[in-house]
Amino acid sequence: MNIALGRYIPYDSIIHRLDPRTKLLALIALLVAIFFKLSFWEYAFLIVVCLALILISKVKFRSILQAFKPMWLMMLFLLIINVLVIKRGDALFTIASFTCYSGAIFQTLQIIIRLALMISLTTILTSTTKPLDLTYAIEWFLSPLRVLRFPTHEIAMTISLALRFIPTLFEETQKLIKAQASRGVDLQSGKLKEKIGGLVSLIVPLFVSAFQKSEELADAMEARGYNPGAKRTRYRKLDFAIRDLVGLLVCALIVFLSIYSSYHPEIVRTLEIWKN
Amino acid sequence: MPIEFKNVSHTYYPGTPFEYQALRGIDLVIKDQSFTAIVGHTGSGKSTLVQHINALLKPDSGEVRVNDYVINHKSKIKNIKSLRKLAGMVFQFPEYQLFEETIFKDIAFGPKNFGLEGKELEERVLKAIKLVGLDETYLEKSPFDISGGQKRRVAIAGILAMEPEILILDEPTAGLDPQGAKEMMNLFAEIHRQGKTIIMISHEMDYVLEYCDEVVVLKKGLVAAQDKPINIFSKAELLKGLHITPPAIIDFANRLIANKLPIDIKKVFDIESLISEIVRVKGGNK
Ligand SMILES: Nc1ncnc2c1ncn2[C@@H]1O[C@H](COP(=O)(O)OP(=O)(O)OP(=O)(O)O)[C@@H](O)[C@H]1O
Ligand SMILES: [Mg+2]
């Protein structure tokens with residue numbers, strides 16, 4: 001059985017120790033950079049940055065590849081659509097009076113690289129940050145909205161509860177898969193109709209138990225006097241250290257470099273000349 | 001044919017920080033048509049062990065043989081469905097696996113997956129629900145509208161309706177009322193009398209002593225002992241090391257023996273047998 005996507009993995013690395021706010025901000029900044037119209041060199045640069053982050057954070061390449069798994073089909077689909085629709089660039093080859101253009105390939109490649117970077121960076125964040133810390137970070141960033149009576153605490157609590165129950169649901173799913181497999185459900189090699197029946201036999205009990213759990217949890221929270229509107233203190237304090245400042249500066253530099261150079265192609269060209 | 005474990009190891013999440021070796025080289029033979037109990041401290045690997053019998057889990061090394069099936073790290077089992085039908089598994093708290101609109105459909109789910117239909121299927125379901133002590137008026141009810149204990153019975157009926165040759169039970173009586181638990185145990189004993197192999201994980205040593213004819217004790221992923229229940233339970237030293245509290249009746253009999261009542265502990269397995277032992281010894285003293 002494989003590990004839930006992006007599950008927190010308790011290694012000890014500098015990335016693990018960073019303040020969750022730093023990591024969240026850095027992720028958002030990098031994602032913004034990725035979605036600028038970058039050229040080949042900037043993507044290469046970001047890929048190197050991403051690989052470096054993977055190495056530093058000790059996240060296993062395997063778990064990142066696993067995160068890609070659900071994407072393969074989508075990527076293939078995208079490629080087919082693009083090849084059918086986009087007619088830019090040079091004609092590459094022709095099959096049965098249908099011509100494939102280089103523009104289609106480049107466009108697809110660009111989207112795939114963007115997605116891959118996005119997934120990798122997000123996986124790095126979620127595997128190096130405890131879900132609860134992440135919610136604290138989200139709550140902190142949302143806190144200015146409190147002035148507008150925006151329920152930041154409630155939202156943060158909802159998120160953290162949802163995150164808290166992901167592993168539980170995952171475990172329960174595994175147990176149910178086994179229980180229903182014992183009753184003859186074959187999700188791997190059965191007929192389509194059987195597979196659908198098999199899925200129902202998983203989904204219904206999962207929903208039932210999720211509703212039950214949420215009801216029990218609500219009762220338990222109320223029994224302990226939980227009041228969403230109350231003023232709260234926190235057991236764990238977030239602390240912003242020098243390393244966070246350095247991390248943010250590095251990140252800002254990376255983002256700046258990639259965006260700036262994409263608007264000033266002459267920089268890359270100078271680099272190329274310089275290399276020659 | 002017996003069920004054989006040969007040097008079976010199993011590790012959860014290998015190669016990650018969550019790695020945990022739950023079985024560490026199990027060698028074990030479970031006799032055909034036996035009523036075998038698997039006992040041991042929590043976390044000793046009991047559930048992991050039994051899930052190898054119907055190939056829900058595969059060993060990292062070593063192999064498990066069940067009839068003609070060989071379950072090991074490499075092999076892809078050709079006819080996995082018929083193995084699952086051969087060895088029916090009742091999980092701990094099986095009531096969570098109910099999902100159909102009616103109890104009839106839920107009990108029929110397993111046998112249907114194994115290809116049964118029509119009149120035969122109906123008969124199986126009817127037979128199964130009667131076996132677990134509910135009547136047919138339940139069949140059209142929703143499995144979500146009955147009590148926890150009744151759900152448990154329905155879930156067990158769902159496995160019984162598959163008519164497995166080997167019945168695996170993971171703590172089947174946990175959380176049931178004493179009366180209900182006793183009824184369940186009698187049901188399993190009845191199925192055992194019909195010539196099926198029963199493998200039961202249990203923390204209730206009174207039942208193990210009364211119903212089972214073999215006990216396997218696990219400790220930290222290894223087989224620590226395997227013998228007839230009374231042979232295990234009469235060794236106080238062994239039990240202590242294995243974190244097992246002996247059945248109350250054995251404890252009681254041992255105290256009688258300590259008080260110079262020369263009863264034969266090997267003949268004690270429930271209240272009645274203890275009484276007749278006392279009568280035998282006392283009668284002889286007159
Ligand atoms: N799905 C799983 N993923 C990871 N580790 C597991 C999993 N299932 C069991 N383990 C670990 O393997 C060990 C043995 O578990 P197992 O469930 O076989 O114990 P058990 O003897 O059945 O205990 P209990 O009496 O509490 O049911 C435990 O330490 C547990 O933490
Ligand atoms: Mg168990």
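First, a word on scope: everything that follows refers to the structure included in this document. Each chain carries its own residue numbering, running from 1 in the written order of its sequence. Key to labels: chains lettered from A, ligands numbered from 1, both in the order written. In keeping with the predicted nature of the model, local features appear solely for residues at pLDDT of at least 70, side-chain atom pairs appear and are counted solely at 80 or more, and the whole-chain, interface and lining totals rest on all residues. Hydrogens are left out, water is left out, and the side-chain values use all remaining heavy atoms of the structure.

**Details of the overall build of chain A**
Our working definition: The secondary structure listing takes helices from DSSP runs of H or I that are at least 4 residues long and strands from runs of E that are at least 2 residues long, numbered from the N terminus. Our radius of gyration is a C-alpha quantity, and the globule rule it is checked against amounts to 2.2 Å times the number of residues to the power 0.38. Note on classification: 1.4 Å probe, protein chains only; a residue is buried when its accessible area is under 20% of the maximum for its type, exposed when over 50%, partly exposed between these limits. Per-residue accessibility takes into account occlusion by the displayed protein chains alone, with areas from the Shrake-Rupley method and a 1.4 Å probe. Charge convention: Lys and Arg are scored as positive, Asp and Glu as negative, and His as well as the terminal groups of each chain are ignored. A charge is said to be at NZ when it belongs to Lys, at CZ for Arg, at CG for Asp and at CD for Glu.
Of regular secondary structure, chain A possesses 11 helices and 2 strands. Its C-alpha radius of gyration of 23 Å places chain A more than 25% over the 19 Å reference for a compact globule of 276 residues. The principal-axis extents of the C-alpha atoms in chain A amount to approximately 70 × 60 × 40 Å. The buried share of chain A, reckoned over its 276 residues, is 35%. For chain A, the computed accessible surface area is about 17,500 Å², with 71% contributed by carbon and sulfur atoms. If the 32 positive side-chain charges of chain A are averaged to one point and the 19 negative ones to another, these points end up 3 Å apart.

**A closer look at the sheet that holds strand β9 (residues 214-219) of chain B**
Residue and element names in this part refer to chain B. Filter applied, for reference: Strands are labelled as partners when DSSP assigns at least two bridges between them. For helices, the axis comes from a line fit to the C-alpha atoms of the stretch in contact; other axes are also lines fit to C-alpha atoms, and the angle between any two N-to-C directions lies between 0 and 180 degrees. Throughout, a residue-residue contact means that at least one pair of heavy atoms, one from each residue, lies within 4.5 Å.
If you trace the 6 strands from one edge of the open sheet to the other, you get β6-β7-β8-β3-β9-β10, paired in mixed fashion. The two strands at the open ends of the sheet, each matched to only one other strand, are β6 (87-90) and β10 (222-227). When strand polarity is set aside, the average angle formed by the axes of neighbouring strands in this sheet is 15 degrees. Summarising the sheet, β9 and β10 pair through 5 bridges and their orientation is antiparallel. Its bridge partner being in β10, Val215 is matched across the sheet by Asp227. Against the sheet, helix α5 (residues 148-160) engages β6 and β7 (166-170), with an angle of about 170 degrees to β6.

**Describing a nonpolar patch on the surface**
Residue and element names in this part refer to chain A. Note the cut-off: Here the term patch refers to residues with relative accessible area over 30% and no salt bridge, with like charges joined within 9 Å and nonpolar side chains (Val, Leu, Ile, Met, Phe, Trp, Tyr) within 5 Å. Just to be clear on terms, a salt bridge is a Lys or Arg side-chain nitrogen sitting within 4 Å of an Asp or Glu carboxyl oxygen.
A cluster of nonpolar residues, Leu76, Phe77, Leu79, Ile80, Ile81, Leu84, Val85, Leu92, Phe93, Ile95 and Ile105, forms a patch on the protein surface that exposes about 1,000 Å² of accessible area. Listing elements by their share of the nonpolar patch, those giving two or more residues are α5 (72-85) and β1 (91-95). No other element matches the 7 residues that α5 contributes to the nonpolar patch. Examined against the element boundaries, Phe93 turns out to sit in strand β1.

**Brief notes about the nonpolar core**
All names here are of chain B. To be explicit about the condition: The nonpolar core is taken to be a set of buried Ala, Val, Leu, Ile, Met, Phe, Trp, Tyr and Cys residues, with the residues joined through side-chain atoms within 4.5 Å. Delimitation of the domains relies on an automatic or database domain assignment.
Core analysis: the biggest nonpolar cluster contains 64 residues, and Ile107, Leu167, Phe188 and Phe233 have the highest contact counts within it. The biggest single contributor to this core is helix α6 (residues 178-193), with 7 residues. Each of domain 1 (3-246) and domain 2 (247-286) accounts for three or more of the residues forming this core.

**Quick notes on the pattern of salt bridges**
Residue and element names in this part refer to chain B. Tallying each qualifying case throughout the model produces 19 salt bridges over all chains. As a salt-bridge pair, Glu95 and Arg152 come within 2.8 Å of each other at their nearest N and O atoms. Taken together, the residues span a long stretch of sequence, with Glu95 in the loop between β6 and α3 (103-113) and Arg152 in helix α5 at a distance of 57 residues. A relative accessible area of 2% places Arg152 in the buried class. With its nearest N and O atoms 3.1 Å apart, the salt bridge here joins Glu183 to Arg153. One end of the pair, Glu183, is in helix α6; the other, Arg153, is in helix α5, and 30 residues separate them in sequence. Look at the salt bridges and you will find they share partners, linking Lys6, Glu63 and Arg65 into a network.

**Describing the site of ligand 1**
Residues and elements named next belong to chain B. Just so we agree on the cut-off: Think of it this way: one heavy atom of a residue within 4 Å of a molecule or strand is enough to make that residue near it. Whenever a nitrogen or oxygen atom comes within 3.5 Å of another N or O atom, the pair is scored as a polar contact, on the condition that within protein one atom can donate a hydrogen and the other can accept it, and that pairs from neighbouring residues in sequence are kept only if both atoms are in side chains. Under this grouping Gly is polar, as are all residues other than the nonpolar Ala, Val, Leu, Ile, Met, Phe, Trp, Tyr, Cys and Pro and the charged Asp, Glu, Lys and Arg.
Inspection of the region around ligand 1 gives 14 residues, with Thr42, Gly43, Lys46, Ser47 and Thr48 positioned closest. Interatomic distance of 2.5 Å between a side-chain N/O atom of Thr48 and an oxygen atom of ligand 1. Between ligand 1 and His203, the relevant distance is 3.1 Å, taken from an oxygen atom to a side-chain nitrogen or oxygen of the residue. Starting from 630 Å² of accessible surface for ligand 1 in isolation, the protein chains cover 69%. Breaking the shell around ligand 1 down by element, the ones donating at least two residues are β2 (20-30) and α1 (46-50). If one sorts the elements of the shell around ligand 1 by residue count, α1 sits on top with 3 residues. Of the residues in the shell around ligand 1, the class split is 4 nonpolar, 8 polar and 2 charged.

Without other data, these values stay purely geometric and don't point to any function.
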